[in-house]
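Notes for the structure review
Residues per chain, in single letters:
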Amino acid sequence: MTQINSTRVVCPQCGYDDNPATASHCLNCNSRLGSQSLDPGDRDASSRRGGIPWSVIPLAGLLLVTLGLFFLWRSNQSPMPPAPQPLASQANDPLHDWQPHNFLRDVPNVPEGVFLYGGAMASAALRSKSIQSEITRAHPEFRLLYTDPLNVPPDSGKGIEMTASGEISFSESFRPISQSEYNIVRSRGYTLKQVPVALGGIAFYSHPGVKLPGISLGQIQQIYSGKITNWRQLGGPNLPIVPVSQDPDAKASTSFLLQGMPSSERRFGKNVQIVRDTTTAIRKVAAIPGGFGYGAQALVVGQQTIKALALAPGRSRNYIPAATADGTVNKQALLDGSYPLIRRIFVVYREDGSLDEIAGRAYANLLLSTEGQKLVDRAGYLPIR
């Protein structure tokens, strides 16, 4: 309100304090003067209590309209979904992030370099030049070199041992990792990983001159333990049996040939001849009229110098052929589980964050791709996918 004194009137708008008491408008800004005036000491209070200038009203209105439109838009939006959390089962599953690929070239994280690998002779068909050339064509920077152990024949156990010690990047195994092998690597601060990539059978064979409809697993145990020494005992010719084994340990406690026998009888017969690998075993059996040996179906079936025998479980005569009529691996018997001696083939590598781990994981993923599984099938094994 405008304060009126007997001598002057103070303008509430500009603060001019020399307006005559009878003036109706400010002499300075021409603003209308009220019936009362303010004292000069109250000028600041007057400006604070004054009305809002008309120029401000459009701006305030625009602001209110903008805020209203914003809240209207926000209310119509769907709530944001919470960030996905990994399931407990997935977090503990080492393969939950594995995705199969169609082609070898599509497999990611294949490292560059030369990587040594080793392991079972039973998986030797996976290391053929034709298969390795396919991998090299897809990933020329990923070069693999199979490495034999020093002074001892290669096998699954030696391959796992060499992988655990860092002598090679990864290995192939025709059996799972044992608990003792796990314990050894855990004491070193890391673990081993086994990834199944194929299925394969173990086939038994004889010299072509041995005429038998087949042989049972029970009879095989008696042959290798030395209880059966002549083919005549099995209905065959009168020839001494010369069993050949490529078991490098030549220990009954570790040989699958004698599994299931009492520990007191679990030993090889004196007539068992130990050889380095499947190739040497096949040559020896082919050269000895009473020879008898074993090896992976993929390596045995199709050999012309030996005879692959049908195999029966236990002591039965339910013989399942190792080969089909056209001389190929009897994969149907592997697929339906009727073949008595089936094994999985694993790729084994260390889980230690090293380049070797990346190489082992890449090799497993290459074989597990759709194209890789076709290579597995071509090699004479049963694809696991």
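Notes on the structure follow. Note that the structure is predicted; figures quoted are calculated from it, not measured. (Residues numbered from 1 in each chain as written. Predicted model: local features only at pLDDT ≥ 70, side-chain atom pairs only at ≥ 80, totals over all residues. Heavy atoms only, no water.)

**Quick notes on the overall build of the chain**
For the record, the criterion: Put simply, DSSP H or I for four residues or longer makes a helix, DSSP E for two residues or longer makes a strand, and each gets a number counted from the N terminus. Whether a residue is buried, partly exposed or exposed follows from its accessible area with a 1.4 Å probe, protein chains only, as a fraction of its type maximum: under 20%, in between, or over 50%, in that order. In what follows, residue pairs with any heavy atoms lying within 4.5 Å of each other are defined as contacts.
Per the secondary structure count, the chain includes 12 helices and 12 strands. For the chain, the residues scored as buried account for 41% of the 385 residues in total. Restricting to contacts in the chain with at least 6 residues of sequence separation, those with at least 24 account for 68%.

**What to know about the pairing of strand S4 (residues 191–206)**
To be explicit about the condition: A pair of strands is considered paired only if DSSP assigns at least 2 bridges between the two.
For S4, a buried count of 13 out of 16 residues is recorded, marking the element as mostly surrounded by other parts of the structure. Here S4 pairs with strand S12 (residues 382–383) via 2 bridges, running antiparallel. Within S12, the position partnered with alanine 198 by the bridge is proline 383. Sheet topology places S4 next to strand S8 (residues 291–296); 5 bridges connect them, and they run antiparallel. Residue pairing for S8: alanine 203 is matched across the bridge by glycine 295. Two strands pair when backbone bridges link them, and S4 and strand S9 (residues 307–309) are joined in this way by 3 bridges, in the antiparallel orientation. Across the sheet, serine 206 pairs through a bridge with lysine 307, a residue of S9.

**Comments concerning the nonpolar core**
Note the cut-off: Buried residues of nine kinds, namely Ala, Val, Leu, Ile, Met, Phe, Trp, Tyr and Cys, make up a nonpolar core once their side-chain atoms join them within 4.5 Å.
Judged by nonpolar contacts, the single largest core of 75 residues is most densely connected at Tyr224 and Phe292. If one sorts the elements of this core by residue count, S4 sits on top with 8 residues. For tyrosine 224, the residues in contact, after removing those within four places along its chain, are Pro243, Val244, Ser245, Leu257, Leu258, Arg267, Phe268, Gly269, Val272, Phe292, Gly293 and Tyr294. Counting residues in each nonpolar core, the second largest holds 9 residues, with Ile160, Ile177, Tyr182 and Val348 among its members.

**Focus on the packing of helix H4 (residues 129–138) against helix H12 (residues 370–378)**
Let me state the cut-off plainly: Axes here refer to lines fitted to C-alpha atoms; in helices the fit is confined to the stretch in contact. Angles between the N-to-C directions go from 0 to 180 degrees. Just so you know how the angles are binned, under 35 degrees is roughly parallel, over 145 roughly antiparallel, 65 to 115 roughly perpendicular, and the rest oblique. The nonpolar class holds Ala, Val, Leu, Ile, Met, Phe, Trp, Tyr, Cys and Pro. Asp, Glu, Lys and Arg form the charged class, and all remaining residues, Gly among them, are polar.
Orientation of H4 relative to H12, taken along the N-to-C sense of each, is 170°, at an axis distance of 10 Å. With respect to their mutual orientation, H4 and H12 come out roughly antiparallel. Judged by residue contacts, Ser130, Ile131 and Glu134 of H4 engage Glu371, Leu375 and Arg378 from H12. Class assignment for the residues of the contact of H4 with H12 results in 2 nonpolar, 1 polar and 3 charged.

**So, unusual backbone geometry**
Positive phi, normally seen in glycine, also occurs at asparagine 109, with a value near 60°. Assignment of secondary structure puts asparagine 109 in the loop between helix H3 (88–91) and strand S1 (113–119). The exposed category is assigned to asparagine 109, whose relative accessible area is 65%. The phi dihedral of asparagine 151 is positive, around 70°, even though this residue is not glycine. Position of asparagine 151 among the secondary structure elements: in the loop between strand S2 (142–146) and helix H5 (156–165).

**As for H12**
To keep it simple, the criterion reads: Here the arc refers to the set of directions running from the helix axis out to each C-beta atom.
Every buried residue belonging to H12 is among Gly372, Gln373, Leu375 and Val376, and all of these are buried. Buried residues of H12 fall within an arc of 155° about the axis and therefore sit on the same side. For H12, the elements touching its buried residues are H4, S4, helix H11 (355–368) and S12.

**Points about the packing of H11 against H12**
Two numbers describe how H11 lies on H12: the axes approach to 4 Å, and their chain directions differ by 75°. For the element pair H11 / H12, the angle class is roughly perpendicular. In contact with Leu366, Leu367 and Leu368 of H11, H12 contributes Thr370, Gly372, Gln373 and Val376. Looking at the contact of H11 with H12, its residues break down into 4 nonpolar, 3 polar and no charged.

**So, the packing of aromatic side chains**
As a reminder of what qualifies: Working definition: a ring pair exists when centres of Phe, Tyr or Trp rings (six-membered ring for Trp) sit within 6.5 Å. Plane angles under 30 degrees give stacked, over 60 give edge-to-face, the rest tilted.
By the definition in use, this model includes 11 aromatic pairs. A ring pair is formed by phenylalanine 204 and phenylalanine 292, whose centres lie 5.9 Å apart and whose planes are at 15°; its orientation type is stacked. With phenylalanine 204 in strand S4 and phenylalanine 292 in strand S8, this pair connects stretches of sequence that are 88 residues apart. Assessed through its relative accessible area of 1%, phenylalanine 204 is described here as buried. Between tyrosine 224 and tyrosine 294 the ring centres are 6.1 Å apart and the planes differ by 75°, which places this aromatic pair in the edge-to-face class. Here tyrosine 294 lies in strand S8 and tyrosine 224 lies in helix H7 (residues 217–224), a separation of 70 residues in the sequence. Grouping residues by exposure puts tyrosine 224 and tyrosine 294 together as buried.

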